[in-house]
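Examination of the molecular architecture
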Amino acid sequence: MADALEAQSDPSADPLAPHADTLEIINARHTSRGQINYAVPDDLQIQRRIRRYHADYGVQHGDIVALAIDAFLRAKGYPPDLNTAKADAT
């Protein structure tokens, strides 16, 4: 339980600030990646906004999506089980 609480972002912190563990994973050279494909409402212009953010800041599209989804799930109490992820990688 303590590990799960530690993996969550500090509730008083900016919920959109990337977690240090997430940045470490994203910035690793040999991070394995999986494809996600979800239909999102066109009116939210998600794809256009991702392209603009990429153009402005140089963050890759997949990293933008990973950072946003990770921040949302951590804020809702669903941090990744990094111990399991590290065990699977070995």
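Let me begin by describing the structure that accompanies this report.

What counts and what doesn't
- Residues numbered from 1 in each chain as written.
- Predicted model: local features only at pLDDT ≥ 70, side-chain atom pairs only at ≥ 80, totals over all residues.
- Heavy atoms only, no water.
- 1 Å grid on protein atoms, 1.4 Å probe; cavity = no way out; pocket = protein on both sides within 12 Å on 5 of 7 lines; lining within 4 Å.
- Points joined across faces, edges and corners; volume = space filled by probe spheres on them.
- Helix = DSSP H or I, 4+ residues; strand = E, 2+ residues; numbered from the N terminus.
- Nonpolar A, V, L, I, M, F, W, Y, C, P; charged D, E, K, R; others polar.
- Axes fitted to C-alpha atoms, helices over the stretch in contact; angles between N-to-C directions.
- Parallel < 35°, antiparallel > 145°, perpendicular 65-115°, else oblique.
- Left-handed = near helix turned anticlockwise from the far one by under 90°.
- Contact = heavy atoms within 4.5 Å.
- Buried < 20%, exposed > 50% of the residue type's maximum accessible area, 1.4 Å probe, protein only.
- Salt bridge = Lys/Arg side-chain N within 4 Å of Asp/Glu carboxyl O.

By rolling a water-sized probe across the atoms, one finds the places where empty space is left. Put simply, the largest pocket is a space of about 2,100 Å³. If you go around the largest pocket, you meet 49 residues; those closest to its centre are Ile-36, Gly-62, Val-65, Ala-66 and Ile-69. For the lining of the largest pocket, the elements supplying multiple residues, two or more each, are helix 2 (20-27), helix 3 (46-57), helix 4 (61-75) and helix 5 (82-89). With 13 residues, helix 4 is the largest single contributor of residues to the lining of the largest pocket. Residues of the lining of the largest pocket, tallied by class, amount to 27 nonpolar, 11 polar and 11 charged.

Before going further, it helps to spend a moment on the packing of helix 2 against helix 4. Helix packing for two helices is described by the angle between their axes and how far apart those axes are. Running from N to C, helix 2 and helix 4 cross one another at 155 degrees; their axes reach a closest spacing of 11 Å. Relative to helix 4, the element helix 2 is oriented roughly antiparallel. As for how helix 2 packs across helix 4, the hand of that crossing is right-handed. Residues Asp-21, Thr-22, Leu-23 and Ile-26 of helix 2 form the contact with helix 4, whose own contacting residues are Asp-63, Ala-66, Leu-67, Asp-70 and Arg-74. Split by residue class, the contact of helix 2 with helix 4 holds four nonpolar, one polar and four charged.

A separate point is unusual backbone geometry. The backbone of Gln-45 sits at a positive phi, close to 55 degrees, despite the residue not being glycine. With a relative accessible area of 38%, Gln-45 lands in the partly exposed category.

By the definition in use, this model includes two salt bridges. Across the pair Asp-63 and Arg-33 runs a salt bridge, and its minimum N-O distance is 2.8 Å. One end of the pair, Asp-63, is in helix 4; the other, Arg-33, is in the loop between helix 2 and helix 3, with 30 residues separating them in the sequence. For Asp-63, a relative accessible area of 12% puts it in the buried group. The shortest N-O distance in the salt bridge between Asp-70 and Arg-74 comes to 2.8 Å. Of this pair, Asp-70 and Arg-74 both sit in helix 4, four residues apart, which is roughly one turn of that helix. Just as Asp-70 is buried, Arg-74 falls in that class too.

Note that all results are geometric; they support no functional claim without further evidence.
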